[in-house]
Amino acid sequence: MKPLIPFLAGAVLALGAGWAGFPRVIDRARPQPVDFSHKVHAEKAGAKCEDCHAFRDDGTFAGAPALDKCAGCHAAPMGTTASEKAFIDQYVTPNREPQWRSYARQPENVFFSHVSHMKLGKLQCEKCHGNLGTTDKLPAHYEDPISGYSRQTMSMDACIACHRENKLEHSCMDCHK
Amino acid sequence: MTTRRTAVKFIAGAGVGALFTPAPWRLIRDTALWSENWPGIPRPKRGPISAKTTVCTLCPAGCAVRARCVGDQPVAMAGVNGGLCPLCVIGHHLPYYPKRVKQGAPEEARAAVAKADSTKRLAVLDLRPGRTASALYRKAMKEQNGLYLAPPQPGALVNLAAAKSVLSVGAPLFEGWLPPAEVFAVRDRFRLVQIEPEFSRTAAMADEWLPSGDVAALARRLEGPVLVVDRTMSSAIVALNKELGGWGKTVQAAPEFGADDLASVPDGAIGVLYIDESNPGEYIPWPEIERKLASGAVTVAFAWSPDGYARHAKFVLPTAVFPEALDDVDGRVTTPLMKAPEGVVDPVEFIAKASLADALKEIKPKEDSGWRLPYLGVFDATPSPLSTKLYQESNLLVAPRQLAVVSGAELADKVVRA
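A. Summary view of the overall build of chain A. If you tally the helices and strands in chain A, you get nine helices and two strands. Listed N to C, the secondary structure of chain A is α-β-α-α-α-α-α-α-β-α-α in terms of helices and strands. Intrachain contacts of chain A at a sequence separation of at least 6 include 66% that bridge at least 24 residues. As displayed, chain A has an accessible area near 11,900 Å², and 60% of this comes from carbon and sulfur atoms.

B. Examining the overall build of chain B more closely. The helix and strand inventory of chain B stands at 15 helices and 16 strands. Across the 418 residues in chain B, those meeting the buried criterion constitute 50%. Partitioning the contacts of chain B with sequence separation of at least 6, the portion at a separation of at least 24 is 69%. Of the roughly 19,800 Å² of accessible surface on chain B, 58% is carried by carbon and sulfur atoms.

C. A look at empty space enclosed by the protein. Residue and element names in this part refer to chain B. For the structure on display, the rule yields three cavities of 30 Å³ or more. Taken as a whole, the second largest cavity encloses approximately 60 Å³ of empty space. Lining the second largest cavity are C56, C59, A61, G62, C63, L84, C85, C88, P179, P180 and A181. Of the residues assigned to the lining of the second largest cavity, the class counts are 10 nonpolar, one polar and no charged.

D. Just a nonpolar patch on the surface, in detail. A contiguous nonpolar surface patch, about 760 Å² in accessible area, is contributed by L15(A), W19(A), V16(B), L19(B), F20(B), W25(B) and I28(B). If you list the elements that add at least two residues to the nonpolar patch, you get α1 (5–26) of chain A together with α1 (4–19) and α2 (23–36) of chain B. When you line up the elements, L15(A) lands in helix α1.

E. The state of the cysteines, seen in detail. Residues and elements named next belong to chain A. Evaluation of the coordinates by the stated rule reveals zero disulfides over all chains. Here C159 stays unpaired: no disulfide links it, and the sulfur of C175, its closest cysteine neighbor, is 5.9 Å away. On the basis of relative accessibility, which here comes to 23%, the residue C159 falls in the partly exposed class.

F. The sheet that holds strand β1 (residues 49–55) of chain B, seen in detail. Residue and element names in this part refer to chain B. Read from one edge to the other, the open sheet built from three strands follows the order β1-β2-β3, with strand pairing classed as antiparallel. This sheet does not close on itself; its edge strands, each paired only once, are β1 and β3 (73–79). Taken over all neighbouring pairs, the strand axes of this sheet differ in orientation by 30° on average, direction set aside.

G. Molecular detail of the nonpolar core. All names here are of chain B. Among the nonpolar cores identified, the biggest contains 33 residues, and V166 and L167 are the most heavily contacted of them. The set of elements that each furnish at least two residues to this core consists of β6 (156–158), β7 (165–169), α6 (173–177), α7 (180–185), β8 (191–195), α9 (215–221), β10 (226–230) and α10 (235–243). Sort the elements by how many residues they give to this core and β10 lands first, with four residues. Every residue in contact with V166, bar those within four places of it in the chain, is listed here: L160, L173, F190, R191, L192, V193, L227 and V229. V124, I351, A352 and A359 belong to the second largest nonpolar core, which has 28 residues in total.

H. The arrangement of the packing of aromatic side chains in detail. For the structure shown, the criterion picks out 11 aromatic pairs over all chains. Measuring from ring centre to ring centre gives 5.4 Å for W34(B) and W38(B), while their planes differ by 85°; the resulting arrangement is edge-to-face. When its relative accessible area of 40% is taken as the criterion, W38(B) is described as partly exposed. Taken together, the ring pairs in this structure connect Y274(B), F302(B) and F350(B) into an aromatic cluster. The cationic tip of R151(A) hangs over the ring face of Y142(A); the distance from NZ or CZ to the ring centre is 4.0 Å. Residue placement shows R138(B) over the ring face of Y148(B); its charged tip is 5.6 Å from the ring centre.

I. Structural context of the packing of α1(A) against α1(B). In contact at an axis separation of 6 Å, α1(A) and α1(B) are set at 35° when each is read in the N-to-C sense. As α1(A) runs across α1(B), the sense of the crossing is right-handed. Contact residues: α1(A) offers P6(A), F7(A), A9(A), G10(A), A11(A), L13(A), A14(A) and L15(A), while α1(B) offers T6(B), K9(B), F10(B), A12(B), G13(B), A14(B), V16(B), G17(B) and A18(B). Within the contact of α1(A) with α1(B), the residues separate by chemical class into 12 nonpolar, four polar and one charged.

J. Local environment of the interface of chain B and chain A. Each partner contributes residues to the interface: chain B has 28 residues there, and chain A has 27 residues. With both sides pooled, the region where chain B packs onto chain A buries about 2,400 Å², and carbon together with sulfur makes up 65% of that total. Viewed at the interface, chain A and chain B are joined by seven residue pairs in polar contact (both at pLDDT 80 or more). The set of elements that each furnish at least two residues to the side of chain B that touches chain A consists of α1 and α2 of chain B. For the side of chain B that touches chain A, the leading source of residues is α1(B), giving nine residues. Looking at the side of chain B that touches chain A residue by residue, the class counts come to 15 nonpolar, seven polar and six charged.

K. Structural context of the layout of surface pockets. Residues and elements named next belong to chain B. Approximately 570 Å³ is the volume found for the second largest pocket. Of all elements in the fold, only α5 (132–143) and β15 (328–329) reach the threshold of two or more residues within the lining of the second largest pocket. Looking at the lining of the second largest pocket, its residues break down into 12 nonpolar, six polar and 11 charged.

L. Spatial organisation of the sheet that holds β8(B). All names here are of chain B. Here we have four strands laid out as an open sheet, ordered β9-β8-β7-β10, and parallel in their pairing. The sheet is open, and its two borders are formed by β9 (208–210) and β10, each paired with just one other strand. For this sheet, the mean inter-axis angle between neighbouring strands, taken without regard to orientation, is 15°. Bridge analysis of β8 against β9 gives three bridges, and the strand direction is parallel. Looking at the pairing, Q194 lines up with W209 of β9.

What counts and how
Residues numbered from 1 in each chain as written. Chains lettered and ligands numbered in written order. Predicted model: local features only at pLDDT ≥ 70, side-chain atom pairs only at ≥ 80, totals over all residues. Heavy atoms only, no water. Helix = DSSP H or I, 4+ residues; strand = E, 2+ residues; numbered from the N terminus. Contact = heavy atoms within 4.5 Å. Areas by Shrake-Rupley, 256 points an atom, 1.4 Å probe, with all protein chains shown as cover. Buried < 20%, exposed > 50% of the residue type's maximum accessible area, 1.4 Å probe, protein only. 1 Å grid on protein atoms, 1.4 Å probe; cavity = no way out; pocket = protein on both sides within 12 Å on 5 of 7 lines; lining within 4 Å. Points joined across faces, edges and corners; volume = space filled by probe spheres on them. Nonpolar A, V, L, I, M, F, W, Y, C, P; charged D, E, K, R; others polar. Patch = residues over 30% accessible without salt bridge, like charges linked within 9 Å, V, L, I, M, F, W, Y side chains within 5 Å. Salt bridge = Lys/Arg side-chain N within 4 Å of Asp/Glu carboxyl O. Disulfide = S-S within 2.5 Å. Pairing = 2+ DSSP bridges. Axes fitted to C-alpha atoms, helices over the stretch in contact; angles between N-to-C directions. Core = buried A, V, L, I, M, F, W, Y, C linked by side-chain atoms within 4.5 Å. Phe/Tyr/Trp six-rings, centres within 6.5 Å; stacked < 30°, edge-to-face > 60°. Lys NZ or Arg CZ within 6 Å of the ring centre and 35° of its normal. Left-handed = near helix turned anticlockwise from the far one by under 90°. Buried area = accessible area lost by both parts, 1.4 Å probe. Polar contact = N/O pair within 3.5 Å; in protein donor to acceptor, adjacent residues only side chain to side chain.

Given below as structure tokens:
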């Protein structure tokens with residue numbers, strides 16, 4: 001047993017570093033540009049997901065709304081919060097687009113159609129995006145410094161699992177066109 | 001005491017342990033994703049999608065194209081009247097062709113032309129005759145006592161859709177001789193008999209393949225209207241079509257392009273040769289051209305690919321490429337889908353000192369007549385921008401997407417029925 005101790009020590013150290021240390025190093029928490037509350041917008045303004053995260057006329061998904069959409073209501077402060085005031089001062093008044101960090105942006109080699117999942121598949125936003133739409137504070141955006149994508153981006157395993165569960169096609173060409 | 005053996009064991013243990021953590025696998029995945037975003041790798045833009053229509057100029061067929069665009073960048077091509085051939089489906093990638101000619105020396109070329117031997121003749125070789133640009137070249141050469149040269153064209157136009165039986169004497173019917181998408185669109189309407197010693201791809205897709213045979217006797221036995229074709233639509237084949245009553249129905253006289261005959265030009269007579277290779281077409285083997293050039297002749301090639309005549313020219317000037325270029329095909333004007341990069345040279349302006357855009361405003365738009373001039377450029381032995389290699393590569397690239405047009409099941413079905 002004694003001759004194996006250095007080997008086991010190395011293995012244990014690597015396991016610890018790989019499981020505990022590596023994720024902390026590789027995933028950098030980056031703040032969003034604006035302290036945005038989905039909860040406030042849903043409860044006080046009665047907003048639904050598709051009011052801001054809309055489909056374009058051509059059926060493509062627009063993603064995060066542009067500043068024009070926000071400025072439609074927030075040209076002047078509607079409340080008394082510091083974050084709203086900061087948003088207006090930093091973005092609305094100088095007409096500067098906030099650089100939102102996308103939690104779900106897929107890599108370039110992936111083709112994902114929101115319209116086919118939502119209109120044909122009748123999926124709810126929460127199925128993939130969790131309870132993000134009801135949170136009071138945007139979660140930290142963990143960006144991978146090598147790939148540049150978010151840690152929260154849905155993995156291929158999750159896509160395939162859902163397609164299998166619903167007995168749907170899941171060949172390579174469905175997403176990697 | 002730490003020995004070398006202990007250190008090696010420790011490192012080996014760490015290596016084995018690391019394999020059971022997410023670290024190496026995550027790094028491999030991240031590196032792959034990172035490599036997709038290297039600078040210089042073209043990526044489709046994201047944003048609202050619009051549709052623009054144009055005409056493909058990659059071969060003389062001039063298929064109507066509907067392009068999906070994000071902003072001013074085309075991201076996908078589709079046919080307006082059915083499918084497209086593989087080359088046009090990836091046509092929007094051509095501006096990013098890695099070997100694309102990007103720089104030239106137009107002022108030096110102009111100076112060299114000005115200094116050229118004035119006792120020798122000026123000539124322009126137009127690889128795609130029949131365009132508005134071609135008419136401007138012809139006019140310019142006439143005014144300067146120059147020569148307007150064009151590669152030999154097939155002897156007749158064909159209308160495949162009008163035929164009930166097609167007898168092909170070695171013509172690569174399914175391999176780019178006519179626009180592939182058009183051929184497949186009407187494939188079920190005609191019976192194809194292929195006479196060819198080799199079991200080519202066209203032979204494989206024919207209803208009947210004969211290594212050899214009596215063409216005239218076989219043609220008379222087929223159900224009419226019969227279209228008999230060979231690779232160049234030779235005069236003998238055209239005569240046979242006339243005899244079978246196909247003249248004006250399945251076969252028609254090829255247009256006259258008013259080109260001077262290169263063979264009748266004395267050797268060493270050309271002092272300045274312009275080659276418009278911006279739209280590739282048929283090719284003339286370089287040795288046939290070279291012997292007509294005077295000693296010290298100035299050759300200027302207008303090209304976007306370095307693989308054609310650009311290999312032989314003294315000056316190579318970059319041109320716009322489909323879908324950046326303004327041009328016309330058989331009376332149908334192409335609309336540039338994207339802006340050409342800085343530094344490209346307009347061959348019409350350079351050679352004919354005229355504006356193609358102004359000339360195109362004058363032409364009357366024409367509907368597609370359905371008559372097609374067979375295209376040999378893809379199969380020419382001379383390496384060209386549309387050489388067989390590039391064509392095959394494009395085939396591989398888009399093969400999965402073309403299955404709707406040329407499905408394996410469909411082809412297998414045809415072979416079985418044969």
